[in-house]
Structure formats: structure tokens, C-alpha cells
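# Observations on chain architecture
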Amino acid sequence: MFESDAVQALSEAVDALCVQPLALADGTQTRALLRALQAGIDRLEGLKAAALDQLDETGGGAEEGASSALGWARRELRMGDAEIKRRRTAGRSMRLIPELGEAVRGGEVRLDHAYEFSAGLATLGVEKMREASAQILLPLARVAGAADVRMAIRRIDELARPERLDEAYKRGMERRDLSVTRCGDGFHVAGFFDLVNGAKLATWLGAASAPRGADDVRTPAQRRLDAFGELIDATLAHGMPSDRGVRPQLHLMADATWLAGQGGEPPRLVGFGSIGPQLFAQLACGADVTPILVDGVTGGPTPQADVLNVGRTQRLATTRQRTAVIARQEGICAAPGCRHRIAEIHHATWWSRGGRTDLDELVGLCGRCHHAVHSGRLHVEPDGRRGFAFRRGAGAAGRAIEDHDRVQHTRISAYLHPFEHPLARTAPLTRQDGTRRRHLLDPRT
């Protein structure tokens, strides 16, 4: 039975809060108020979305002369149509996935997460979303943002319907456009890059526009523009070589199981994400292919993963070690929460402090995180399991940083395994020694 007295109690509680002399609150009271308000608002927003869905399902607006729930909410709640529809759809998602409704109304996840569940229901369907919600999406939503939930749903969709990846690539090819227009005291550049050219641009621009030292005071936008200017100057000064000179490499990751037609996750273009088989075939044509052991070690007294270690005989990471680190981290900086590409290979135990050039000590970082390590704002050390632990703050007392992204990546991969091609379960592509391989492709740009 619905208790109307609870609604009256809510109104009275809000009245009591609103008449409080806020100017007299000290810092502790103000912070406590803000936390309580945010928590209460998040839960009430979820309840409001569920109530809008209930009004729409029961036609309750007709009792007050409204032709629809949309019309009633527009008139009585002074909400816009788009906002009403979005919240009503979120309420419907909470009804179709009851655990989601409980989590939102309980303050465990926010309404923004429910919006992503609504999008997932539209693309994946109710049954698959219910299964994914219980095993992956709700646990993820409790510790991560709505954008992370969106990415997880996208990964599930990519594996369930891989043909959509190539469809998206073709749509992007049709939208390609670039224009340079005189505008006031300069030029305005606008356009849309297709997937391949956009990845090439991002790869080159990330390297060419990096800060040139601690005294580089240019903004990121200024550095990017200067990089374009230097590229144009070099081209005009030296001509247009037929081989296009030396270019930054694109990295493309593909599991051997997928290459053998035995299912598995689709290939991933570093700096973009998953791609379809047609685009993979185009990029792989003429690419340099490097087989990499990613699971298990070969037999014998020396594990395969340790063959690349060079100890104190060489300071900088070798070419093969760099390739191994890029494959291990899928081209992304190892710092938790950072999604920039690897720019530098760092010794977790600094070389100047006796560090060794071994894989267990080498971690790939972006330029910003590498600078943070050497300035003492970020600390990294081997975790004893061939991974790395990060801390923020000074010394050993610094706060440990939880790597939610990579933890959830592992959980999502485990969840997605049953959706893979049946051959992946009956005839996995492993060698007799139990190892599994991945291939790193460097498409020639």
C-alpha cells in the first residue's frame, strides 16, 4: 500500500531545511548539507523517473484532463518534452530491470547510469541487458561513471554484432570532409575525419604537440597548431617525397583466435577502439606483424617472457621490450584512469637507483604521467604479480589508486566469453605448451 503520509513528510522535511539560516552554517555543516542534498536528490530523481513511467503506463494524467502523461508533466511539472521522455524512458528501464531501480532509489547508482541502461536496452534487448546487468553493468555502475557503463555496453554490442563495426566505418567514410576558410584575421578549419585518417592524425599530433620541457608555456591548442605549422614548413622546404618519409605508427591488436576464425574479441585499433573485419583487412594489408605471447610461458629453464630482460646491460628499453609493453597495456598509459597513449617507457625502480631494464620493471606512461612520476606527485612500483601499483601523494604514505578501468575490463572480458564463436570454446588456439598468442600489427601509413 502506498503511504501518502510519506509524501507530506518529504514536503515538511524540505520546508524545514529551506528555512535554515545557511549563512550561519560552519564549513563542516555546509559540507554535510551538500553531501546529504546530493544523495537525496539522486535518489529522488530515480523515484521521479519511475513515477513518470507509472503515470504513462496507467494513463493517470487523464484524470486531470491531460491527453497524455507527457502533456500532464509538461503542464504540471514545467518540464520540457525531451527531458520528460528521457526520464520516463529511464523509469521504464528501471521497471524492466528491477535491480537497476533498486540501485538508483537506494543511492548506489545515479540516474545518469540509468540513461545508459536505456540505450543498452534499445540496442541489446531486454534479456541480454538483464543478464549483463547482474554480472557486469550494475557492479560497474556502483564504482564508475556513466561513461564507463556506456563503453561496457558498447563492447557487449561489438561482440554480439561485429558486423556493425564495419557499418560504422562505412558511414564515417561517407561523412569525410575538410574545409579551410578565411575568417577575420585567420583561417577556420572544420571537417570530419574517417576512422583511419583520424587515428593517423591523433597518433601524429599526440607526438608532435608534446610539451618541449618544463618551460613550455604554450596551451595544448597552441602546441597542436604549432605542430601543424612545422609539418607544413618541413613539407614545403623538402618537397613531397614519394614514400611520404618516416611516419608515426598505428598499432592494431588482434588475438590469434580471432585471426584463425575461432571467435574472440574483435581487433582493436589503438587510439580508437574495436574495428570490424573489413577495415582490419584493409589496415593489415602490407602491415608489419609481430606475434606476441600474452598468456602462459614456454617450457624450459627460461620462461619466454624473461628472454627480453637485459638487466643493467642497457639503460633504455629495447625495441622488442617496447613492443611487449605496448601489447601488454594495449597502447594505453598504465596510470589508473588515464586513457592517453604510451609516450615513454619508465623504469619503476629508477635506473639511477639501481633499476633493471626488465619487463617486470618497465611500465608504459604518457608524457603527463611520466612527468608526474619524476616530480614526485605520482608513484609507481611493481606489484609482485607482473603488474604495477600506483599511489598519489608524498612518500610511502601516499594514497593507493584503484585501477577500476582495468579491473572492469577483465571482468567484462570474462563475461563476454560465452558470446564468442562456438569454435572458441571447443578448439581454442593454444600451443601444446599452453601458451596463447596475440598479434601486434603496424599498418603502414
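Residues numbered from 1 in each chain as written. Predicted model: local features only at pLDDT ≥ 70, side-chain atom pairs only at ≥ 80, totals over all residues. Heavy atoms only, no water.

Read across the open sheet, the three strands follow the order 9-10-11; overall the sheet is antiparallel. The sheet is open, and its two edges are formed by strand 9 (378-382) and strand 11 (399-400), each paired on a single side. (Pairing = 2+ DSSP bridges. Helix = DSSP H or I, 4+ residues; strand = E, 2+ residues; numbered from the N terminus.)

Positioned with a positive phi, Arg78 is a non-glycine residue whose angle comes to about 55°. Mapped onto the secondary structure, Arg78 falls in the loop between helix 3 (69-76) and helix 4 (81-96). For Arg78, a relative accessible area of 78% corresponds to the exposed category. For Glu330, which is not glycine, the phi torsion reads 55° and is therefore positive. Residue classification places Glu330 among the partly exposed residues on the basis of a relative accessible area of 23%. (Buried < 20%, exposed > 50% of the residue type's maximum accessible area, 1.4 Å probe, protein only.)

Attention now moves to a positive patch on the surface. A contiguous patch of positive charge, built from Arg368, Arg377, Arg392 and Arg399, is present on the exposed surface. Within the fold, Arg377 resides in the loop between helix 15 (367-374) and strand 9. For Arg377, a relative accessible area of 49% puts it in the partly exposed group. (Patch = residues over 30% accessible without salt bridge, like charges linked within 9 Å, V, L, I, M, F, W, Y side chains within 5 Å. Areas by Shrake-Rupley, 256 points an atom, 1.4 Å probe, with all protein chains shown as cover. Salt bridge = Lys/Arg side-chain N within 4 Å of Asp/Glu carboxyl O. Lys, Arg positive; Asp, Glu negative; His and termini not counted. Charge placed at Lys NZ, Arg CZ, Asp CG, Glu CD.)

By definition, a disulfide links the sulfur atoms of two cysteine residues through a covalent bond. Here the structure, examined in full by the defined rule, presents zero disulfides. With no disulfide of its own, Cys369 lies closest to Cys366 among cysteine sulfurs, the gap being 3.6 Å. What makes Cys369 buried here is its relative accessible area of 11%. (Disulfide = S-S within 2.5 Å.)

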